[in-house]
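# Structural features, examined
The primary structure of each chain is shown beneath.
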Amino acid sequence: MSETQARPRRSRLSAEREQELLTVALAMVRERGYDAVTIDDIAAAAKASTATLYRRWESKPMLVIRALQAQKPAPAIEIDTGSLRGDLLALATVASDAARIRDSHDAAMTGLARDVLLNPELMLALRELMIEPQIQAMRRMLQRHVDAGRIGPDNPVLDLVDQILLGPLLAGQLYLGHRPGLAARIVDDVLLPLLSVTRG
């Protein structure tokens, strides 16, 4: 009997081993940056062969997608200050923080963020895990104000609040740098008038 016959090749990864590989991959991307990590690096750190990783996930973007999807979505920040202006300002603070690269952990993910623009599946995974939970929390917050009569239920801006708020903040961060007070101005000078509420 040959050695190959005596030791059958494992045809697929166990659930535990797959989770281990995904955990190693995501930890390395977060620590060193997406661009700096290769499939070979992940294989070496996880004590696996590159053939195993390619056979299971085909490419680095696909591996990172699966690693992200294996995580639970980030918990949404529920906002309820008691007033529409207060809620919008709190939402603006969250959005402003999200628009900024605040520390080395965030900076390490910039290569991944750039790859999102080229990989629709990666973009979908990131949106589902990191963006959609916050958008749903924002919609719940706005619905409370609709129910309280502060916003008309047929207001055409309701489904644009996230874009009105995030668009200028992201564009400002990318092209103009951080502008203190911008988020509050968007709330007071743009969103509140468009939502047609009584201030105070």
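See the structure shown above.
In what follows, the accompanying structure is described. (Residues numbered from 1 in each chain as written. Predicted model: local features only at pLDDT ≥ 70, side-chain atom pairs only at ≥ 80, totals over all residues. Heavy atoms only, no water.)

### A short note on the pattern of salt bridges
Applying the stated criterion to the full structure yields 8 salt bridges. Here aspartate 41 ties to arginine 32 by a salt bridge, and the two come within 3.4 Å at their closest N and O atoms. (Salt bridge = Lys/Arg side-chain N within 4 Å of Asp/Glu carboxyl O.)

### With respect to a nonpolar patch on the surface
There is a patch of nonpolar side chains on the surface, built from Leu117, Leu118 and Met123 and spanning about 360 Å² of accessible area. Here leucine 118 is to be found in the loop between helix H8 (110–116) and helix H9 (120–147). Taking relative accessible area as the criterion, leucine 118 reaches 69% and is therefore assigned exposed. (Patch = residues over 30% accessible without salt bridge, like charges linked within 9 Å, V, L, I, M, F, W, Y side chains within 5 Å. Areas by Shrake-Rupley, 256 points an atom, 1.4 Å probe, with all protein chains shown as cover. Helix = DSSP H or I, 4+ residues; strand = E, 2+ residues; numbered from the N terminus. Buried < 20%, exposed > 50% of the residue type's maximum accessible area, 1.4 Å probe, protein only.)

### Regarding helix H4 (residues 50–57)
Every buried residue of H4 is accounted for by Thr52, Leu53 and Trp57. Here the buried residues of H4 occupy an arc of 95° about the axis, which is enough to place them on one side. Against helix H2 (15–32), helix H3 (39–46) and helix H5 (60–70) lie the buried residues of H4. A positive backbone phi angle near 75° is found at glutamate 58, which sits one or two residues after H4. (Arc of directions from axis to C-beta. Contact = heavy atoms within 4.5 Å.)

### Concerning H5
Every α-helix carries 3.6 residues per turn, so stepping three or four residues along brings you back to the same face. The element H5 is largely enclosed, with a buried count of 8 among its 11 residues. Within H5, the full set of buried residues consists of Lys60, Pro61, Met62, Leu63, Val64, Ile65, Ala67 and Leu68.

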